[in-house]
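In case you want the letters, here they are:
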Amino acid sequence: METLEKIKVKQFDVYSIREDFPILNKTVNGNPLVYIDNAATTQKPKAVIHSHVDFYLYHNANIHRGVHQLSNESTEAYEDARIKVQKFINAPDLREIIFTRGATESINLVTSTYGRRNITEGDEIVISTMEHHANIVPWQILCGEKNAVLRVIPIDDNGEIIMDEYVKLLNNKTKFISVTHVSNSLGTINPVKKIIKLAHERNIPVLIDGAQAVPHMKVDVQELDCDFYVFSAHKMFGPTGIGVLYGKANLLESMPPYQGGGDMISSVSFEKTTYNEIPNKFEAGTPNIAGAIGLGIAIDYLNNIDFGMLQKHEKEILDYTTSKLIEIPGVKIIGTAKNKASVISFIIEGLNPLDIGIMLDTSGIAVRAGQHCTEPLMARFGISGTVRASFALYNTMEEADIFIKGLNKSISMLK
Ligand SMILES: Cc1ncc(COP(=O)(O)O)c(C=O)c1O
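An account of the accompanying structure is given in this report. (Residues numbered from 1 in each chain as written. Predicted model: local features only at pLDDT ≥ 70, side-chain atom pairs only at ≥ 80, totals over all residues. Heavy atoms only, no water.)

## Brief notes about the overall build of the protein
Secondary structure assignment for the protein yields 15 helices and 17 strands. Taken over the C-alpha atoms alone, the protein extends approximately 70 × 55 × 35 Å along its principal axes. The buried share of the protein, reckoned over its 415 residues, is 54%. The long-range share in the protein, meaning contacts at least 24 apart out of those at least 6 apart in sequence, stands at 71%. Total accessible area computed for the protein in this model is approximately 18,000 Å², and 53% of it derives from carbon and sulfur atoms. Looking at the protein, you have 41 positive and 48 negative side-chain charges, and the mean spots of the two groups are 3 Å apart. (Helix = DSSP H or I, 4+ residues; strand = E, 2+ residues; numbered from the N terminus. Buried < 20%, exposed > 50% of the residue type's maximum accessible area, 1.4 Å probe, protein only. Contact = heavy atoms within 4.5 Å. Areas by Shrake-Rupley, 256 points an atom, 1.4 Å probe, with all protein chains shown as cover. Lys, Arg positive; Asp, Glu negative; His and termini not counted. Charge placed at Lys NZ, Arg CZ, Asp CG, Glu CD.)

Written out as structure tokens, the structure is:
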């Protein structure tokens, strides 16, 4: 049998990777599916799908409080998944990995606990123009409750954070910074290490929204030195309904619980309740056990893939598709940062992005069209939305060609 090490150094073979994703063989509207809506959610490899079936067929029981074999099995599998996540992002301490429903819940956990405890009237919280609504609205709710102020780092016309403006925003009222690692709408990869360093020089904690980063690059929370890092399993080939909050142990320990219930307590009486240690303090109630296990399997899957080759492959598709797109009359790419993940947003003069998306679907091509949960970002560019093609490790150059052909056909039918 091949060892994991041997598989790791295997050439990056997109066609054999595709065999792991059964849905990619589907036909949509009479055409082979071209799935390039990966920033919304990725498809799942067989191993992840089978892990769900296997869990419910052979191991299903509630975790942590059982005395019987099945409960021990499911507890072990759930806690194994936590170890896999810890290694995946190189967190120093296993207790720093909290399972949540996803990136959105992870951010809400931080605003509701760390935020409520530490933010007071007149404090300032800094986010960027390119944030997903998940990294805007929870902070707005907190600012509304506390009479705090939300400050926004501007971006330039390429969709890059203007670092000088960022530094100008930092002052002694700045109490938290929360920015995305990779923009879901523009593809911009932000210089988060620099952003964190500048914040830490002023003792300001930083949360990084890694929802769009984890499927494309190796993330090392110790190297970044972020205080919190959040992501969702479903955008990295894992199941929906499960995600991660990484937080530095001293911060997590100082934070009040997010939700009350089973598992998050150490003892309860009607007079007084004491809370469990981290991470359990933040995992009230029965969690998504099968989801966490599936996330662990998705991590195993990614660990078998050489990220250097994955990035080379995705960059080739990004560059090729971009070069073909800009040849089409009336096309304008929104998001032309130097450092980009494989996400291309664009508009076409005189055409509604939604119409283009619907037309592409008739050719079996799945893209996203609209505001991509980044309404303020769209306003910054003075547009109502874009068409977004987002590529993952299983997409091919042939699919890029089909997309360009389908787009040309859609344009000629719509004009
Ligand atoms: C950058 C970014 N942050 C946060 C989210 C929210 O993720 P979820 O809906 O999985 O919680 C998304 C989803 O598209 C995203 O792209």
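More follows now that the structure is in view.
## Points about a nonpolar patch on the surface
On the surface, Ile49, Val53, Leu57 and Tyr58 cluster together into a nonpolar patch covering about 400 Å² of accessible area. Secondary-structure assignment places Val53 in helix H3 (residues 46-59). For Val53, a relative accessible area of 43% corresponds to the partly exposed category. (Patch = residues over 30% accessible without salt bridge, like charges linked within 9 Å, V, L, I, M, F, W, Y side chains within 5 Å. Salt bridge = Lys/Arg side-chain N within 4 Å of Asp/Glu carboxyl O.)

## Here's the deal with the site of the ligand
As a matter of local geometry, the ligand sits amid Ala103, Thr104, His132, Ala134, Thr180, Asn184, Asp209, Ala211, Gln212, Ser232, His234 and Lys235. At a separation of 2.6 Å, an oxygen atom of the ligand approaches a polar side-chain atom of Thr104. Here His132 contributes a side-chain N or O atom positioned 3.3 Å from an oxygen atom of the ligand. Protein contact buries 85% of the 390 Å² of open area that the ligand shows by itself. Among the residues making up the shell around the ligand, the classes are represented as three nonpolar, seven polar and two charged. (Near = heavy atom within 4 Å. Polar contact = N/O pair within 3.5 Å; in protein donor to acceptor, adjacent residues only side chain to side chain. Nonpolar A, V, L, I, M, F, W, Y, C, P; charged D, E, K, R; others polar.)

## Some words on the packing of H3 against helix H11 (residues 289-303)
Put simply, H3 and H11 touch, their axes get as near as 9 Å, and they point 145° apart. The way H3 lies across H11 gives a crossing that is right-handed. Two secondary-structure elements touch here, H3 through Ala47, Val48, Ser51, His52, Phe55 and Tyr56 and H11 through Ile289, Ala290, Gly291, Ile293, Gly294, Ile297 and Ala298. Among the residues making up the contact of H3 with H11, the classes are represented as nine nonpolar, four polar and no charged. (Axes fitted to C-alpha atoms, helices over the stretch in contact; angles between N-to-C directions. Left-handed = near helix turned anticlockwise from the far one by under 90°.)

## As for the sheet that holds strand S14 (residues 343-348)
Two modes of strand pairing occur in sheets, parallel and antiparallel, and in both the strands are linked by backbone hydrogen bonds. Taken together, four strands build an open sheet; the order of strands is S13-S14-S17-S16 and the sheet is antiparallel. Unpaired on one side and paired on the other, strand S13 (331-334) and strand S16 (368-370) mark the two borders of the sheet. Across this sheet, the average inter-strand angle for adjacent strands is 30°, counted without regard to direction. Note that S13 and S14 share four bridges and pair antiparallel. For Ile333, the partnering residue across the bridge sits in S14 and is Phe346. (Pairing = 2+ DSSP bridges.)

## Structural notes on the pattern of salt bridges
Using the criterion set out here, one finds 23 salt bridges in the structure. For the salt bridge of Asp123 with Lys175, the shortest nitrogen-to-oxygen distance reads 3.2 Å. In this pair, Asp123 sits in the loop between helix H5 (103-118) and strand S5 (124-128) while Lys175 sits in strand S7 (residues 174-180), placing the two residues 52 residues apart along the sequence. With a relative accessible area of 6%, Asp123 lands in the buried category. One continuous salt-bridge network, built from bridges that share partners, spans Asp37, Arg368 and Arg388.

## Comments concerning the environment of Gly66
Residue position: Gly66 is located in the loop between H3 and helix H4 (69-88). Apart from the residues within four sequence positions on either side, Gly66 is in contact with Ser71 and Asn72.

## What about the sheet that holds strand S8 (residues 206-209)?
Spatially, seven strands are ordered S4-S10-S9-S8-S7-S5-S6 in an open sheet, and the strand pairing comes out mixed. A single partner strand is all that each edge strand has here, and the edge strands are strand S4 (97-100) and strand S6 (149-153). Strand-to-strand, the axes of this sheet are offset by a mean angle of 20°, without reference to chain direction. The pairing of S5 with S6 spans five bridges and is parallel. What sits directly across from Val126, in S6, is Arg151. Sitting on the sheet, H4 is in contact with S4, strand S9 (228-232) and strand S10 (243-247), with an inclination near 115° to S4.

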